[in-house]
Amino acid sequence: EEVIQGQLSPPPTGLEAESAALFTTGSLHFLHELISTFDEEVEKILQLRVSRKAHLDLSGELPNFLESTAHIRADPDWRVLPVPPRLQNRHVDIGDMAPCDTARFIRALQSPAQGIQVDFDDGNCPTFHNQIKGIHNVILAVNRAPHISRAPVLMLRPRAWNMVEHNMMVEGKEAPGPLFDFGLLMYHCGRTLLEHQSGPFFYLSKVKSKPQPALMWLLQVSNSDHTQLHRGQVEDSATAEISRSQVWQWIRHQARLEDDSRVVSRQLVTELTKELSTELSRLCPSERTEQSLHTAADMFLEVVLKRHFPEFITSYLNLDHTFLTSQNLREEEKEEAVEIGRQRAKL
């Protein structure tokens, strides 16, 4: 038990109580068993993804359906199983809700929407602070008013398979991010959601092919047990993904600008980035904001000038020291500001 307790980093500043509520002896044992059971298969699948991509790049083949499923596609009467009753009335959903934003999450729960996609992936900026805060907020929502059977149904979106949780080690390796998120949510919320016919329902992101055995556990459990971008909205991360992809392609293929026919080169992109960064610096309200702007500019140049294209910007930044350090400093400053406000209120 001491070994299992020692695999977790200290709680983020200001979230000591939330961490204690999440990481009980029982939940840590559950996480350890879950992750140690599936970690090897997850690692194999991630390696197969790399192998498959290399094969497609070298052979020129295009992805296609499996031959073993041809009889299903040829059967006009084949249908998927009906969705559970609570998922059938879905006229209005709130998409990509970051649960770490307590005020917005509460407003979503009190809205007349039928469902909420609770995002622990891109839209939540999955730092240790945000994951703990977000998971704790979901637990409170499931166990408090408005009653979960009458609130919008929660569709829980763990991190994608390409993300890791740096702050938990299991058998000498950092934990897969989706197993960390799923394990805590299931341990603390699964039974209550099941008893009130409100889940648990999970939204699986970035699944690239027919789920192999290591991916099937999520589907089986949910069926049987019925950056802060860099404002923290998934629309921002999607815009960043599209923009950095486009600039990387322009540099790689030496595209020409339509207005003056200049070739898009490393030098041109670097010069324009510095010009824009200097211009925007004048609008920054504080030294900290200006520092964040320059950090963002450095990270942008980092990804668009790389020889090989980073597959997901979120997974790249999740391993990037510059980004992680910037996020940790921001979270510490937020907590310090909150504490100062509390002290002033007492005075």
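Note that this is a predicted model, so its numbers are computed, not measured.

**Topic: a nonpolar patch on the surface**
Move 1: Together, Leu276, Leu280 and Leu283 give the surface a local cluster of nonpolar side chains, amounting to about 300 Å² of exposed area.
Move 2: Along the chain, Leu283 turns up in the loop between α10 (266-281) and α11 (287-304).
Move 3: Judged by relative accessible area, Leu283 falls into the exposed class, the value being 68%.

**Side note on the packing of aromatic side chains**
Move 1: All told, the structure shown has five aromatic pairs when counted by the stated rule.
Move 2: Aromatic pair Phe30 and Tyr187: ring centres 5.7 Å apart, planes at 40 degrees, arrangement tilted. Taken as a pair, Phe30 in helix α3 (residues 25-59) and Tyr187 in helix α7 (residues 177-195) lie far apart in primary sequence, 157 residues in all.
Move 3: Look at Phe30 and you get partly exposed, because its relative accessible area is 31%.
Move 4: Ring geometry for Phe182 against Phe202: centres 4.8 Å apart, planes inclined by 55 degrees, an arrangement best described as tilted. With Phe182 in helix α7 and Phe202 in strand β6 (residues 201-202), this pair connects stretches of sequence that are 20 residues apart.
Move 5: Residue Phe182 is classed as buried on the basis of its relative accessible area, which comes to 2%.
Move 6: Here the aromatic cluster, defined as three or more aromatic residues joined through ring pairs, consists of Phe23, Phe128 and Phe180.

**A closer look at the pairing of strand β5 (residues 173-176)**
Across a regular strand the side chains alternate sides, sitting on one face of the sheet and then on the other.
Move 1: Sheet topology note: the strand β4 (residues 164-170)/β5 ladder contains four bridges and is antiparallel. Pairing of Met169 across the sheet is with Glu174, part of β5.
Move 2: In this structure, the hairpin formed by β4 and β5 is closed by a connection of two residues, where Glu171 is found at a positive phi of approximately 50 degrees.

**Some points on the pattern of salt bridges**
Move 1: A complete count under the given rule lists eleven salt bridges for this structure.
Move 2: Among the ionic pairs, Lys133 bridges to Glu18, the shortest N-O distance being 4.0 Å. Remark: Glu18 occurs in helix α2 (residues 16-22) and Lys133 occurs in helix α6 (residues 128-143); sequence separation between them is 115 residues.
Move 3: For Lys133, a relative accessible area of 21% corresponds to the partly exposed category.
Move 4: Classification of Glu18 by relative accessible area gives buried; the value is 14%.
Move 5: Note that Asp57 is salt-bridged to Lys53, the shortest N-O span being 2.9 Å.

Calculation criteria
- The residue numbers shown here count from 1 along each chain, following its written sequence.
- Totals for whole chains, interfaces and linings use all residues, but because this is a predicted model, local features are given only for residues with pLDDT of at least 70 and pairs of side-chain atoms are given and counted only at 80 or more.
- For the side-chain quantities, the full set of heavy atoms in the structure was used; hydrogens and water were omitted.
- Here a patch means residues that are over 30% exposed by relative accessible area and free of salt bridges, tied together within 9 Å if like-charged and within 5 Å if nonpolar (Val, Leu, Ile, Met, Phe, Trp, Tyr).
- Here the accessible surface of atoms and residues is derived via Shrake-Rupley with a 1.4 Å probe, and residues count as covered only by protein chains that are part of the display.
- The salt bridge definition used is simple: a Lys or Arg side-chain nitrogen within 4 Å of an Asp or Glu carboxyl oxygen.
- The secondary structure listing takes helices from DSSP runs of H or I that are at least 4 residues long and strands from runs of E that are at least 2 residues long, numbered from the N terminus.
- The cut-offs for exposure are 20% and 50% of the maximum accessible area for each residue type, with area from a 1.4 Å probe on protein chains only; residues under the lower value are buried, those over the upper are exposed, and the others partly exposed.
- Each pair of aromatic rings taken from Phe, Tyr and Trp, with Trp reduced to its six-membered ring, is defined by centres within 6.5 Å and is described as stacked if the planes are under 30 degrees apart, edge-to-face if over 60, and tilted in the remaining cases.
- Strands qualify as paired when DSSP identifies two bridges or more between them.

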